[in-house]
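Results of the structural survey
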Amino acid sequence: MKLALVGAGSAVFARTFILDLLLSRLEGLEIALVDPDEARLALTLKVGEALLDRFPEKGFTLRPSPMGPALRGADVALLVADVGGEEALRKDYEIPLAFGVDQSIGDTLGPGGLMKFLRLFALMEEVATGFSGELVLNYMNPLSPVTAYFLRRGLRALGLCHSVPETARTLAEYLGVDGLEYRALGVNHLAFFLELRHQGEDLYPRLKALAQDLEVWEKDPVRFEVLRVFGLFPSESSGHLSEYLPYFRKRPEVLRRYARPGYRGESGFYARHHARFVEEAREQAEAWLRGEGTWERSGEYASRILEAYFSGGEEEVYATVANEGLVPELLPFVAEVPLRVKGRRLEPQGGHLPPGPAALARRMQEVQALWLEGVLQGDVGLLVQGLALDPLTGAVLDLRGVEALFAELARSHGELMPPFVRKAVHA
């Protein structure tokens, strides 16, 4: 089997994924490493080769490769790339902030999410036209519209994210239980936990009681507020969630009430700290080379899916897939649902969402579906309409302000924008 790892300069994820594959039942893999940053790619290759030296019996090979040759003949494309680097992240935060739109993460919705999506357009197009293998595993944010793009282009694609299991671990800590049983449905970064059980006990009454404790509430203020009003606990962090709804970041006094440091809603958290995250990842990779790392399989889904898919096993994961009636309360776009992988069969498991949580998730879908149509049709008007429908942006700006913000952001990113956007904003 040949696998194209696009965005391989992400040294920690690449190392995690390569180690996961080495600890699976798969053998004889050829892994093509794709990344335009030569220094970061060289570190990944160094780390990867050190790992392969410990498992010579697996017969893996690693090689750096340009995108085109990596995709040709590949059975799987695993996408973890980002485009634009620190400068793009800074623009995504600072320009909207000057318009009054205060973001914390900016990778899924809002001005930051839209720009991130548009910066990925050339890469997505290259994958869609150059890959003819069996499976695309997409980790790139904004995950829903990127995954939907590949599905619309006729590829078999899954969007993968650890937000549901990570939130489940957080909930288990709040509730003080081991072996939490759960089920969630929704959209990526805004799925809702329909069931929380432990040894047959429904834990929602206990969670709602905990949320009345100010000390507990402070750990996750935005998610506990949504639980209090809408009745279900959502996935992702309070910082992410605060951007997806119109309630928590629209005025300075509101932001002070709900935003906390770090992933709990700090202004510009991702843009301000991304360089530190990259440096810490480099240091971690260097530590692994010195033999200081652990040799355990991670909780990431990708290797487990591939093991089940190509080795005839069975695996249960959460994934973003086409919503073809799986969750009838949501748009026929994409949804995040439980997925059973049985050999080459992918069996998504649907269900129903209550009216309130479904309405919140649909709002996110409506925005991202317009972004998708905008790039598929080459229509800047649809992109602007999507930004206007964004809950946070719409809570702060009038329509002329939305248009001005889009134009300034798009111009600032220059050649990283799709040609049809460059033409429109420079006309």
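Residues numbered from 1 in each chain as written. Predicted model: local features only at pLDDT ≥ 70, side-chain atom pairs only at ≥ 80, totals over all residues. Heavy atoms only, no water.

**Description of the overall build of the protein**
Helix and strand content of the protein: 20 helices and 13 strands. For 427 residues, the compact-globule estimate of 2.2 N^0.38 gives 22 Å, and the protein sits close to it at 21 Å. Its C-alpha atoms give the protein principal-axis dimensions of about 60 × 60 × 45 Å. Considering the protein as a whole, with its 427 residues, one finds that 57% of them fall into the buried category. Pairs at least 24 apart in sequence give 69% of the contacts found in the protein among residues at least 6 apart. Carbon and sulfur atoms form 50% of the exposed surface of the protein, whose accessible area is close to 17000 Å². Each charge class in the protein was averaged separately, 47 positive and 59 negative side chains, and the resulting centres sit 2 Å apart. (Helix = DSSP H or I, 4+ residues; strand = E, 2+ residues; numbered from the N terminus. Rg over C-alpha atoms; globule rule 2.2 N^0.38 Å. Buried < 20%, exposed > 50% of the residue type's maximum accessible area, 1.4 Å probe, protein only. Contact = heavy atoms within 4.5 Å. Areas by Shrake-Rupley, 256 points an atom, 1.4 Å probe, with all protein chains shown as cover. Lys, Arg positive; Asp, Glu negative; His and termini not counted. Charge placed at Lys NZ, Arg CZ, Asp CG, Glu CD.)

**Considering the pattern of salt bridges**
Across all of its chains, the model carries 23 salt bridges by this definition. Between Lys116 and Asp82 there is a salt bridge, with the nearest N and O atoms lying 3.0 Å from each other. Of the two residues, Lys116 sits in helix H5 (residues 110-119) while Asp82 sits in the loop between strand S4 (76-79) and helix H4 (85-98), which places them 34 residues apart along the sequence. A relative accessible area of 7% means that Lys116 is categorised as buried. In this structure, the salt-bridge partner of Glu307 is Arg297, at a minimum N-O distance of 3.2 Å. Here Glu307 is found in helix H15 (residues 302-311), whereas its partner Arg297 is found in the loop between helix H14 (269-289) and H15, with ten residues between them in sequence. (Salt bridge = Lys/Arg side-chain N within 4 Å of Asp/Glu carboxyl O.)

**Some details on the nonpolar core**
Ranked by internal contacts, the top residues of the largest apolar core, which has 145 residues, are Ile31, Leu137, Phe150, Phe406 and Val421. Per-element tally for this core: the top contributor is helix H16 (residues 355-377), with eight residues. Aside from chain neighbours lying at most four places away, what touches Ile31 is Leu3, Leu5, Ile18, Leu21, Phe60, Thr61, Leu62 and Arg63. By size, the runner-up hydrophobic cluster in this structure holds six residues, among which are Leu89, Ile105, Tyr270 and Ala271. (Core = buried A, V, L, I, M, F, W, Y, C linked by side-chain atoms within 4.5 Å.)

**What to know about the packing of H4 against H5**
Remark: H4 packs on H5, axes separated minimally by 9 Å, with the N-to-C direction vectors making an angle of 145 degrees. Judged by the twist between their axes, the crossing of H4 over H5 is right-handed. For the pair H4 and H5, the contacting residues are Ala88, Asp92 and Pro96 in the first and Pro111, Gly112, Met115, Lys116 and Arg119 in the second. Among the residues making up the contact of H4 with H5, the classes are represented as four nonpolar, one polar and three charged. (Axes fitted to C-alpha atoms, helices over the stretch in contact; angles between N-to-C directions. Left-handed = near helix turned anticlockwise from the far one by under 90°. Nonpolar A, V, L, I, M, F, W, Y, C, P; charged D, E, K, R; others polar.)

**Describing helix H19 (residues 399-413)**
Its 15 residues give H19 an end-to-end C-alpha distance of 22 Å, which sits within 8% of 21 Å, the value for a rise of 1.5 Å per residue. Considered for burial, the residues of H19 that qualify are Gly401, Val402, Leu405, Phe406, Ala407, Leu409, Ala410 and His413. Summarising the contacts, the buried residues of H19 are in contact with H4, H5, helix H17 (380-389), helix H18 (391-396) and helix H20 (419-425). Two to three positions downstream of the cap, the backbone nitrogen of Arg400 sits 3.3 Å from a side-chain oxygen, assigning the N-cap of H19 to Asp398. Following H19 by one or two positions, Gly414 has its phi on the positive side, about 50 degrees. (Expected span 1.5 Å × (residues − 1). Polar contact = N/O pair within 3.5 Å; in protein donor to acceptor, adjacent residues only side chain to side chain.)

**Considering the side chain of His240**
Position of His240 among the secondary structure elements: in helix H12 (residues 238-244). Polar contacts involving the side chain of His240 include one to the side chain of Ser237, which spans 2.9 Å. If sequence neighbours within four positions are ignored, His240 has contacts with Ile105, Asp107, His189 and Tyr263.

**Quick look at the packing of aromatic side chains**
One pass over the structure, following the stated rule, counts 16 aromatic pairs. When the centroid spacing of 5.7 Å and the interplanar angle of 55 degrees are considered together, the rings of Tyr182 and Phe193 count as tilted. Remark: Phe193 occurs in strand S8 (residues 190-198) and Tyr182 occurs in strand S7 (residues 181-187); sequence separation between them is eleven residues. The partly exposed category is assigned to Tyr182, whose relative accessible area is 29%. Given a relative accessible area of 0%, Phe193 falls into the buried group. (Phe/Tyr/Trp six-rings, centres within 6.5 Å; stacked < 30°, edge-to-face > 60°.)

**Focus: the environment of Gly68**
Tracing the sequence through the fold places Gly68 in helix H3 (residues 67-71). Sequence separation of Gly68 and Phe131 is 63 residues, and the distance between their C-alpha atoms is 8.6 Å.

Shape descriptors only; they carry no functional weight alone.
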